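# Coordinate inspection notes
Residues per chain, in single letters:
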Amino acid sequence: MAQSPAPGSIVVSDWHRCKDSKEYFSKILHKKRRRTFGLLESPVMPPHVAVDTVHYKIFLSGKSGVGKTALAARLSGRNIPNMHYETTGIETTVVYWPVKLRESGRVLFFRLQLWDCGENALRRFDHLLPSCKEQVDAVLFLFSFTDRTSFDDLPNQIAKWTGEPAGKVVKLVVGTKFDLFMHCDVRERDIRDFQETWSLPVLRMGGEVSDGLGDLSPLLNCLAEQLWYQDCLTASHHSQQEIVPLF
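Let us look at the structure shown here. Predicted, not measured: the structure shown is a model, and the values here were computed from it.

Turning next to the layout of surface pockets. Space inside the second largest pocket adds up to approximately 290 Å³. Class assignment of the residues belonging to the lining of the second largest pocket gives a composition of 8 nonpolar, 8 polar and 2 charged.

With that settled, consider the packing of aromatic side chains. All chains considered together, the criterion is met by 12 aromatic pairs. Seen in terms of ring centroids, Y96 and F109 are 6.5 Å apart; in terms of plane orientation they differ by 80°. Their pairing is edge-to-face. In this pair, Y96 is assigned in strand β4 (residues 90–100) and F109 in strand β5 (residues 107–117), connecting sequence segments 13 residues apart. Y96 gets classed as buried once you look at its relative accessible area, which sits at 4%. A relative accessible area of 2% means that F109 is categorised as buried. An aromatic cluster is defined as three or more aromatic residues linked by ring pairs; in this entry it consists of F143, F145, F151, F178, F194 and W198. Stacked on the ring of W161, the Lys or Arg K133 has its end atom at 5.2 Å from the ring centre. We note R204 situated over the ring of F178; from NZ or CZ to the ring centre the distance is 5.8 Å.

Turning to the pairing of β5, a few remarks are in order. Most of β5 is tucked away: 11 of the 11 residues are buried. Of the two faces of β5, both are covered, the one formed by V107, F109, R111, Q113, W115 and C117 as well as the one formed by L108, F110, L112, L114 and D116. Across 9 bridges, strand β3 (residues 52–61) lies against β5 in parallel orientation. Looking across to β5, one finds that V54 is bridged to F110. Here 11 bridges tie β4 to β5, and the two strands are oriented antiparallel to one another. The residue of β5 that forms the bridge with W97 is F110. Between the antiparallel neighbours β4 and β5 lie 6 residues, among them G105 with a positive phi of about 75°.

The biggest cluster of nonpolar side chains holds 48 residues, and the ones touching the most others in it are I58, L75, F110, L112, L140 and L227. Elements supplying a minimum of two residues to this core: α1 (22–25), β3, α2 (68–76), β4, β5, β6 (138–144), β7 (170–176) and α8 (217–242). By residue number, the principal contributor to this core is α8, which donates 7 residues. With sequence-adjacent residues up to four places away left out, L140 is seen in contact with I58, F59, L60, S61, L71, L172, V174 and L223.

All right, on to empty space enclosed by the protein then. The tally for this structure, following the rule as stated, stands at 3 cavities of 30 Å³ or more. Each pocket or cavity is described by its volume, and for the largest cavity that value is around 60 Å³. In terms of lining, the largest cavity is formed by F59, L60, S61, G62, K68, C117, E119, L122, L129, Q157, K160 and W161. Going through the elements one at a time, β3 and α3 (119–124) are the ones with two or more residues in the lining of the largest cavity.

Cut-offs applied
Residues numbered from 1 in each chain as written. Predicted model: local features only at pLDDT ≥ 70, side-chain atom pairs only at ≥ 80, totals over all residues. Heavy atoms only, no water. 1 Å grid on protein atoms, 1.4 Å probe; cavity = no way out; pocket = protein on both sides within 12 Å on 5 of 7 lines; lining within 4 Å. Points joined across faces, edges and corners; volume = space filled by probe spheres on them. Nonpolar A, V, L, I, M, F, W, Y, C, P; charged D, E, K, R; others polar. Phe/Tyr/Trp six-rings, centres within 6.5 Å; stacked < 30°, edge-to-face > 60°. Helix = DSSP H or I, 4+ residues; strand = E, 2+ residues; numbered from the N terminus. Buried < 20%, exposed > 50% of the residue type's maximum accessible area, 1.4 Å probe, protein only. Lys NZ or Arg CZ within 6 Å of the ring centre and 35° of its normal. Pairing = 2+ DSSP bridges. Core = buried A, V, L, I, M, F, W, Y, C linked by side-chain atoms within 4.5 Å. Contact = heavy atoms within 4.5 Å.

Structural data, given as structure tokens:
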């Protein structure tokens, strides 16, 4: 993928705090808590408000126990399971997130369909990973700040997504359980070295559930920004190919 955009250069990063965003964010909230959406459900805006929805498929990659299922639950506003269990197959979760583009002021609803597949299931069934890769738009590589082996395994996770057809897939790294600093096995120096080597954004997520949007917005805005940037690059490339010289 081409060089990543500077954070906040494409979308308004703190828009959820602005007054003009309340009408849009109210559609993903219910009694000040996140509204959960099924596969066929979507936010309903008033007729006089025209908002386009863009659809993306996101795959969550990482070792067992790093918090893939918990992250999907947290981003969607669902309850996080009290006990860890290995995902037996593929589980999908729908997340809606409104975004305001900085340059045009246009508002979009990002529909993110998160795909979570258990590590053991991927090993046992060869057809699962190709299904997850099919028409995927982004992959989140997860590691846990409390599990050093999950951080060391990141290069192996990334290697599965190199080359075509995954060459234009947006790639982000997410460190989970960041709030458990007393049990942290991954240092900030390790994160800096990783970013210098792989040139991938690394975001941090805690393990506790919050009713607010502030702790979710950095990850969701970064993901939306990267996806929109990639779409703009693809559209620009296609338009250039359609130009036929007349000489």
